[in-house]
Amino acid sequence: MLILAWRNIWRNRRRTLITLAAIALSVTLVQAFHNLSYGVYQSMIAGGVRAGSGHLTIYRKGYVDSRDERLSWRRGDLAEQAAALPGVEAVLPRVYLPGMAQSSRESRGILLTGIDPRAERPINPFLKGLDDTRMIRSLSGRDALVGFRLLKELKLKPGRKFVVTVQNRSGDLASELFRVRGVITTGLKDVDGRLIMVGLKKAAAMAGIGGEIHELAIILDQPRRDRDVGPALEKLIHNRRQLVVIPWDRAMPNLANAIKLDYASQKFIFAIILLIVTIGVVNTQLMSVMERYREFGIILAVGATAGRLRLLVLTESLIIGLSAMLLGSALGSLATLYLSRVGIDLRSFVSESLEFGGVIFDPVLRAAWDFGYMTQIACYVVILSLLAALYPARKAGRIQPAEAMRKI
Amino acid sequence: MSLIQLDKVCKTYRTGNLEVPAVVDFTATIEAGEFTVLAGPSGSGKTTLLNLIGCLDQPSSGQVVLDGRNVATTPTRKLADFRLRHIGFIFQSYNLIPVLTALENAEFTLMLRGVPQQQRHQRVRELFALLGLEGLENRRPNDLSGGQQQRVAIARAIAAEPAVVLADEPTANLDSRASRELLELMHRLNREQRTTFVFSSHDPQVVDMARRVISLHDGRLADDRRREP
Ligand SMILES: Nc1ncnc2c1ncn2[C@@H]1O[C@H](COP(=O)(O)OP(=O)(O)OP(=O)(O)O)[C@@H](O)[C@H]1O
Ligand SMILES: [Mg+2]
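Residues numbered from 1 in each chain as written. Chains lettered and ligands numbered in written order. Predicted model: local features only at pLDDT ≥ 70, side-chain atom pairs only at ≥ 80, totals over all residues. Heavy atoms only, no water.

Overview of the site of ligand 1
Reasoning step 1: In the neighbourhood of ligand 1, 15 residues make up the surrounding shell, with Arg 406 of chain A together with Ser 42, Gly 43, Thr 47 and Thr 48 of chain B lying closest.
Reasoning step 2: Interatomic distance of 3.0 Å between a backbone N/O atom of Gly 45 of chain B and an oxygen atom of ligand 1.
Reasoning step 3: Within the contact set of ligand 1, an oxygen atom lies 2.6 Å away from a side-chain nitrogen or oxygen of Thr 47 of chain B.
Reasoning step 4: Within the complex, 72% of the 630 Å² of free accessible area of ligand 1 lies under protein.
Reasoning step 5: Counting only elements with at least two residues in the shell around ligand 1, the list comes to strand 1 (4–15), strand 2 (18–30) and helix 1 (46–53) of chain B.
Reasoning step 6: Sort the elements by how many residues they give to the shell around ligand 1 and helix 1 of chain B lands first, with three residues.
Reasoning step 7: A class-by-class count of the residues in the shell around ligand 1 yields four nonpolar, eight polar and three charged. (Near = heavy atom within 4 Å. Polar contact = N/O pair within 3.5 Å; in protein donor to acceptor, adjacent residues only side chain to side chain. Areas by Shrake-Rupley, 256 points an atom, 1.4 Å probe, with all protein chains shown as cover. Helix = DSSP H or I, 4+ residues; strand = E, 2+ residues; numbered from the N terminus. Nonpolar A, V, L, I, M, F, W, Y, C, P; charged D, E, K, R; others polar.)

Below is the structure:
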């Protein structure tokens, strides 16, 4: 029976090859495009968590929603404890203070961010473009990194001084003099136009919250490790009721939602591609059954059961589906390999950087392997090719031999 | 007990609101080992009658009893199995499955019955020798002559040693020499292997060779003659 199915498939070679190619191509397309966006999302998330919240973040309750600078907290040795957990690449304490910057000529609203320069340097993509001489060195010095747009608006230059004013804990204004050490260029309007980075201790001292921070961003060596590290962090803070551990998608809902939306629309397109292919397969299978009306009549007449005939039609479709799945997955893997090694270079279409969901990413799009998804699509296609043959198979099983014999 | 008993069998086709009586009140019995031809002009109901005997169709009224089994009361699912075990079919033309070789076509019913391959091949080789088909085992139907195709169909029909072989105008597409050879072959199988044949034809040359001739006219039994050879 398997021989019969196999030979039947090659009876109309061209039609089979076209069907096979259509299914295989859809598998290739879906897998390659999924892997491409998977890779792009991953690099966006990787960039996003390094500049922003981290894969996991410890905040004081309510801070994520309100961004109220009064919700700071004493970090104690939590940073050291977190850094010691397996799977943690870096721990970045930060202080965020809204305030004003004044140069001799202009003034602007800013976000003063206190960082630990040594921890932040290798991680934060905002700091990538800075060489050592332009980087702030100490936790409490007067050196500052300023967004390039802000710098322009304040009509400042590196080396010049300016004044930052923030409100301290008791409600009084506190001003400090800083010197521009380096310039941060990200392409994000909000960052380039508002960000000033200074040493963590200096910022905290200005706000009168020495020893306290707003955010403890935890960077993992692999995004997957959040499953182990999350609970471990929860354990670390369990006796500090006011603190919470928040995953990146809640800390950066803009990015998370942008990815979700993008992915949803892509899934929709994938579903349509698969649907169209399935309809095509139903059509060819039905045609091939109708062409063999008389032949099936004979097979039934000499004693094959309708079930056997249905099985034959299903087997034919399954063979096509399986071969198409293998071929498509092979091509999909090749495409992914190419896209992950070479990528798609958008630099000739866009300016230096691309923004998506409040995150900058590389204009060279690169794919990443998502084997789980590839397998899933492969299984779908095989199942769909069986489903597509269900109706034609039923049709074949319903053939009345006496009737079929009369028609030539 | 007779192998085939037809008792007041009627078959009426309905096309639109027109009723076409294809077989009317047909009563006859056919014994095991007989060599019977259904003769009659085109449209006289030969095919319809063979379909009824072959369980490919149910009578509108009357009874078809095969080997003691009433076809009307046998569930449809079981009929396929019954055909497989008891009836061999030869049709007018395009009998064979085009993608299978002559050998595979001939062993098809044996395969459906689950006979092991070695036994199948042995049986088919015997039959091919008997039918003069040696050397054609691996040919596809398209590469066989009409007569050779019909002989492969005979091999398929008798391979599983059915109680009766039904053939609907098996010689209609053959020239007179090929039909004569085919007939002689069926005759020989009937004599040597005691295979029961019931076949239809409107070819006088063919009809003359049969031992029993049942003539049909407008769906009715017109004549039933037995001749001693
Ligand atoms: N499915 C059907 N629907 C309607 N009428 C039918 C059907 N099958 C057969 N008939 C009619 O029944 C009658 C007998 O047909 P049948 O095919 O049995 O004749 P036949 O003797 O085999 O003819 P032929 O020698 O041409 O093959 C004819 O009048 C035919 O038109
Ligand atoms: Mg006929």
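Remarks on the packing of helix 11 (residues 253–291) of chain A against helix 14 (residues 371–397) of chain A
Helix-helix packing is characterised by the crossing angle of the two axes and by the distance between the axes.
Residue and element names in this part refer to chain A.
Reasoning step 1: Where helix 11 meets helix 14, the axes come as close as 9 Å, and the angle between the chain directions of the two elements is 35°. Helix 14 is crossed by helix 11, and the crossing has right-handed handedness. Mapping the contact onto sequence places Tyr 263, Phe 270, Leu 274, Thr 278, Val 281, Val 282, Gln 285, Leu 286, Val 289 and Met 290 in helix 11 and Tyr 373, Ile 377, Val 381, Leu 384, Ala 388, Tyr 391, Pro 392, Lys 395 and Ala 396 in helix 14.
Reasoning step 2: The class makeup of the residues in the contact of helix 11 with helix 14 is 16 nonpolar, two polar and one charged. (Axes fitted to C-alpha atoms, helices over the stretch in contact; angles between N-to-C directions. Left-handed = near helix turned anticlockwise from the far one by under 90°. Contact = heavy atoms within 4.5 Å.)

Side note on the domain arrangement of chain A
Reasoning step 1: If you check the domain split of chain A, you get domain 1 (2–48 + 256–406) and domain 2 (55–247).
Reasoning step 2: On a C-alpha basis, the centres of domain 1 of chain A and domain 2 of chain A stand 48 Å from each other. (Domains from an automatic or database assignment.)

Quick look at the interface of chain B and chain A
Reasoning step 1: Each side of the interface is counted separately: chain B has 24 residues, and chain A has 22 residues.
Reasoning step 2: For the pair chain B and chain A, the two sides together bury roughly 2,000 Å², of which 64% comes from carbon and sulfur.
Reasoning step 3: Arg 7 of chain A is the partner of Glu 104 of chain B in a salt bridge, and the nearest nitrogen-oxygen pair spans 2.5 Å.
Reasoning step 4: Between chain B and chain A we count five residue pairs in polar contact (both at pLDDT 80 or more) in total.
Reasoning step 5: Within the residue set of the side of chain B that touches chain A, elements represented by two or more residues are helix 2 (76–86) and helix 4 (108–112) of chain B.
Reasoning step 6: Per-element accounting of the side of chain B that touches chain A gives the leading share, four residues, to helix 4 of chain B.
Reasoning step 7: Taken together, the residues of the side of chain B that touches chain A break down into 14 nonpolar, five polar and five charged. (Buried area = accessible area lost by both parts, 1.4 Å probe. Salt bridge = Lys/Arg side-chain N within 4 Å of Asp/Glu carboxyl O.)

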